Amino acid sequence: PFDVLVVGGGPAGAAAAIYAARKGIRTGIAAERFGGQVLDTMAIENFISVKETEGPKLAAALEQHVREYEVDIMDLQRATRLVPAGADGLVEIGLENGASLRSRTVVLSTGARWRQMNVPGEDQYRNKGVAYCPHCDGPLFKGKRVAVIGGGNSGVEAAIDLAGIVAHVTLIEFDAQLRADEVLQRKLRSLGNVRVVTSAQTTEVLGDGSRVNGLVYRDRTGGDSHRVELEGVFVQIGLLPNTEWLKDVVALSPRGEIIVDDRGQTSLPGVFAAGDATTVPYKQIVIAMGDGSKAALSAFDHLIRTPVQ
Ligand code: FAD
C-alpha cells in the first residue's frame, strides 16, 4: 500500500505528490488527465515569480517536477469509489478500470470544471475571447468591451471587478432579476460603465474566425434577438467540483465542495483534500499549489502519529 495516495494531477495534486515524496514515503498519484485545468488555459500571468507562461507549458513542467521524485504516476486513471479505512487503517480508492489502490492516507485534489453555456461559438472561441476566470483574464481585456454571463454572486462580483479594468461591461442574466446579494447589486448599479440585461438567454458567441467580436441574446419576454458588439465574454454560471463520486462518503458543502479545515483535513480520518475541489475560497493555481503542499504535510503529520497496523 501507499503512505500517501494523491487523486488528481492538477497544480494541487502535483504539489501534494512532491511534498509527500520529499518525506521519503511511498507516494502515488492517480489522475484522469495530468495537468488538469491548466491544460485548457493559454496565457497565465499570475503564477507568481513567472511573469508569463502558457497552460500546456506549465502542465508539462508540473509533470516533469513530479517525475524528479520517486512517485508512482498513474495517468489516465479515473477514481470512482472511496472506501474509508477499516480495521487495517487503509483507505481504498477504486478506479474505473476495476483496479483498486490502498493507502494509509489520501489527498483528494480532483479540481473543478466551469459550467458552460453550450451555445455555438463558445468552444471555438475559448481562450480567444471566451473566458471563465476574471482574476486570471480580466487584465487581458483592458480598455475593451466584455459581457459577463450570469447574475449570481460570482457574475456580479466579476462585473464589478471587470468594470474597473475594461471599457464597458454588459451583464446578462437569464432570470427576471439578479440573484446576487443586495450589497453587490447596489455596488453594481453605482457603476457608470455597466449595463444589466435581465430575462436574456445567450444564444451564440460571434467571432471573425480568430477572436470574439460579439454575442447574441434572446429577450425571453419579447422573444426577439439582440446583438452586442464586444471583445470578451466571461461565463459565470457556476464552478462544478469533480466530487460526484464522493458524495456519500465525504462531507461536501451544498455546492458539492469537499469540506476541509485549515489543515486540509476532510470529514474522514486520513483523508485530506486541496485545490478547486474543496471549500477553500478563490480558485487559483497558486492557491491550489499551496493547499496541495499543506494537505501533504498534514497527511505526513497524520502518518507519524498513527501506528502501522
Ligand atoms: P484541476 O486543475 O482541476 O485538476 C484536477 C485533476 O484531477 C486533473 O488531473 C483531473 O484530470 C483529475 N481528476 C478529476 N476527477 C478525477 C477522478 N475522479 N479521478 C482521478 N482524477 C480526477 N488560475 C490561475 O491562477 N491563473 C490563471 O491564469 C488561470 N486561468 C485559467 C483559465 C481557464 C480557462 C481555466 C479553466 C482555469 C484557469 N485558472 C487559472 C484556474 C486554475 O486552472 C485552477 O484554479 C487550478 O487548475 C486548480 O487546480 P486543482 O489541482 O485544484 O484542480
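Residues numbered from 1 in each chain as written. Predicted model: local features only at pLDDT ≥ 70, side-chain atom pairs only at ≥ 80, totals over all residues.

An unreviewed UniProt entry annotates the protein chain as Alkyl hydroperoxide reductase subunit F originating from Luteimonas deserti. Quoted verbatim from the Sequence similarities (unreviewed entry) field of UniProt, the annotation for the protein chain is "Belongs to the class-II pyridine nucleotide-disulfide oxidoreductase family." Quoted verbatim from the Function (unreviewed entry) field of UniProt, the annotation for the protein chain is "Serves to protect the cell against DNA damage by alkyl hydroperoxides. It can use either NADH or NADPH as electron donor for direct reduction of redox dyes or of alkyl hydroperoxides when combined with the AhpC protein." (UniProt positions renumbered as here; feature names shortened; annotations may be inferred.)

Enquirer: Would you mind going over the site of the ligand in detail, with residue names and values included?
Expert: Around the ligand, the structure places 39 residues, and the nearest of them are G8, G10, G36, G111 and G275. Where the shell around the ligand is concerned, the elements lending two or more residues are α1 (11-21), β2 (27-31), β9 (112-114) and α6 (285-305). Residue classes in the shell around the ligand are distributed as 19 nonpolar, 14 polar and 6 charged. (Near = placed C-beta within 6 Å. Helix = DSSP H or I, 4+ residues; strand = E, 2+ residues; numbered from the N terminus. Nonpolar A, V, L, I, M, F, W, Y, C, P; charged D, E, K, R; others polar.)

Enquirer: So what's going on with the nonpolar core? Which residues, and what values?
Expert: Nonpolar side chains tend toward joint burial in soluble globular proteins. In this structure, A16, A17, V107 and A273 are the most contacted members of the largest nonpolar core, which totals 52 residues. In terms of residue count, α1 provides more of this core than any other element does, 9 residues in total. In this structure, A16 is in contact with V6, V107, S109, A274, G292, S293, A295 and A296, ignoring residues within four places of it in sequence. By size, the runner-up hydrophobic cluster in this structure holds 33 residues, among which are V130, Y132, V205 and V235. (Core = buried A, V, L, I, M, F, W, Y, C linked by C-beta atoms within 7 Å. Buried ≥ 20, exposed ≤ 12 C-beta atoms within 10 Å, placed from the backbone. Contact = placed C-beta atoms within 7 Å.)

Enquirer: Would you mind going over the sheet that holds strand β16 (residues 225-229) in detail, with residue names and values included?
Expert: A sheet is described by the order of its strands in space; here 3 strands give the open sequence β14-β15-β16, paired in antiparallel fashion. The open sheet has two free edges, formed respectively by β14 (200-207) and β16, since each of these has just one partner strand. Taking the axes of each pair of neighbouring strands and ignoring which way they run, one obtains an average angle of 25° across the sheet. For β14 and strand β15 (residues 212-219), the ladder comprises 7 bridges, and the chain directions are antiparallel. Bridge pairing in β15 places G207 opposite V212. (Pairing = 2+ DSSP bridges. Axes fitted to C-alpha atoms, helices over the stretch in contact; angles between N-to-C directions.)

Enquirer: Describe the confidence of the model for the protein chain, listing the residues and the values that go with them.
Expert: Averaged over all residues, the pLDDT of the protein chain equals 97, while 100% of them reach at least 70. As a predicted assembly, this complex carries a pTM of 0.95 together with an ipTM value of 0.99. (pLDDT = per-residue confidence, 0-100.)

Enquirer: How would you summarise the pairing of strand β12 (residues 168-172) if you had to cite specific residues and measurements?
Expert: Most of β12 sits inside the fold, with 4 of its 5 residues counted as buried. Both strand β11 (residues 145-149) and β12 contribute to a ladder of 5 bridges, which runs parallel. Paired with V148 across the strands is L171, a residue of β12. Where the polypeptide runs from β11 across helix α4 (residues 153-163) and back to β12, its parallel neighbour, the crossover connection is right-handed. The pairing of β12 with strand β13 (residues 194-197) spans 4 bridges and is parallel. For T170, the partnering residue across the bridge sits in β13 and is R195. One crossover worth recording links β12 to the parallel β13 by way of helix α5 (residues 182-189), and it is right-handed. (Right-handed = clockwise from strand over helix to strand, strands pointing away.)

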